[in-house]
Amino acid sequence: MPRTFDDARRWARLGTDLFTGAAPLDDAGLDAPSALPGWSRKHLVAHVAANADALGHLVHWAATGERTPMYSSPQERAAGIERGAGMPAAELTAWLCRSTAELAASTAALTDVQWQSPVVTAQGRTVPADELPWMRSREVCVHAIDLGTGLTFADLPDDFLAALCDDVVGKRAQEPGPALLLEATDTGASWKLPGEGEQTVLAGPLHEITACLTGRAHVLTSPGGGSVPALARWL
């Protein structure tokens, strides 16, 4: 079933609660590696905080018509994450809390008409502003898992996981990769990647299917117990 605007707003609130609940650690905890190669938890928290600020720019664009891009450049985006990764834990988590609160307040103030205003994402896509809650829900939900504090995709609701799989497959289907048929044994849903070579069928719980599709650690095996073709990390 297609995701709705209300679904995306609900998932964004849930993911924000999960991420901000898992992130307030001391310096030692935040300096530890995240589940993303090469990134500490501080890098990840800085990324999510900066993403809230960046989406706030698009909310301002939708509310006023003033062109305010998410980031001035990819270099500026990367530099902001590195600055955040060097902050003390208290300063970094304060930034996270401030940016998420400001984003929640600004989005709550948008009118129905403003939600339909076109804005441009960091990838150059022109979308209506009502796409922003979905963009935020992906960031906070997936990266809450990436913090590596014990949360897994099994802690996220099935309707979000199904919508995320739809989104990921839609993007991966446009890129080179292995041919896969992924079957969620607990929900009956399935997704197909029309890639290269002989198709591999993977079956398992929806949360493991989602982990596989997003390029995260999972327990799926191909028929006969063989290895699963690796997918690059998504998001």
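Whatever comes next refers back to the structure up there.
Residues numbered from 1 in each chain as written. Predicted model: local features only at pLDDT ≥ 70, side-chain atom pairs only at ≥ 80, totals over all residues. Heavy atoms only, no water.

**Focus on the packing of aromatic side chains**
And then number 1: In the structure shown here, the tally under the stated rule is four aromatic pairs.
And then number 2: Both rings, one in tryptophan 11 and one in tryptophan 134, keep their centres 5.7 Å apart while their planes meet at 65 degrees; by these two values the pair is edge-to-face. Residue tryptophan 11 is found in helix α1 (residues 5–22), and its partner tryptophan 134 is found in helix α7 (residues 132–146); the two are separated by 123 residues along the sequence. Here the two residues tryptophan 11 and tryptophan 134 agree in accessibility, since each one is buried.
And then number 3: Consider the rings of tryptophan 134 and phenylalanine 160, whose centres lie 5.8 Å apart with planes at 55 degrees: the pair is tilted. (Phe/Tyr/Trp six-rings, centres within 6.5 Å; stacked < 30°, edge-to-face > 60°. Helix = DSSP H or I, 4+ residues; strand = E, 2+ residues; numbered from the N terminus. Buried < 20%, exposed > 50% of the residue type's maximum accessible area, 1.4 Å probe, protein only.)

**Concerning the pattern of salt bridges**
And then number 1: Applying the stated criterion to the full structure yields ten salt bridges.
And then number 2: A salt bridge links arginine 138 to aspartate 167; the nearest nitrogen and oxygen atoms lie 2.7 Å apart. Of the two residues, arginine 138 is situated in helix α7 and aspartate 167 in helix α8 (residues 158–172); the sequence distance between them amounts to 29 residues.
And then number 3: A residue is classified by how much of its surface remains accessible, and aspartate 167, at 13% relative accessible area, is buried.
And then number 4: Residues arginine 216 and aspartate 146 are paired through a salt bridge, measuring 2.7 Å at the closest nitrogen-oxygen approach. (Salt bridge = Lys/Arg side-chain N within 4 Å of Asp/Glu carboxyl O.)

**With respect to the pairing of strand β3 (residues 178–184)**
And then number 1: For β3, the buried fraction is high: five of the seven residues fall into the buried class.
And then number 2: Both β3 and strand β5 (residues 196–204) contribute to a ladder of six bridges, which runs parallel. Bridging from a neighbouring strand, leucine 180 pairs with threonine 200 of β5. (Pairing = 2+ DSSP bridges.)

**Structural notes on the nonpolar core**
And then number 1: Of all hydrophobic cores here, the largest spans 30 residues; its most connected members are Phe153, Phe160, Leu164, Ile209 and Leu213.
And then number 2: If you list the elements that add at least two residues to this core, you get α1, α7, α8, β3, β4 (190–193) and α9 (206–213).
And then number 3: Apart from the residues lying within four places of it in its own chain, the contact partners of leucine 164 are Trp134, Arg138, Val142, Phe153, Thr210, Thr214 and Trp234.
And then number 4: Core analysis: the next-biggest nonpolar cluster, separate from the first, contains 19 residues, Ala50, Ala89, Leu96 and Val140 among them. (Core = buried A, V, L, I, M, F, W, Y, C linked by side-chain atoms within 4.5 Å. Contact = heavy atoms within 4.5 Å.)

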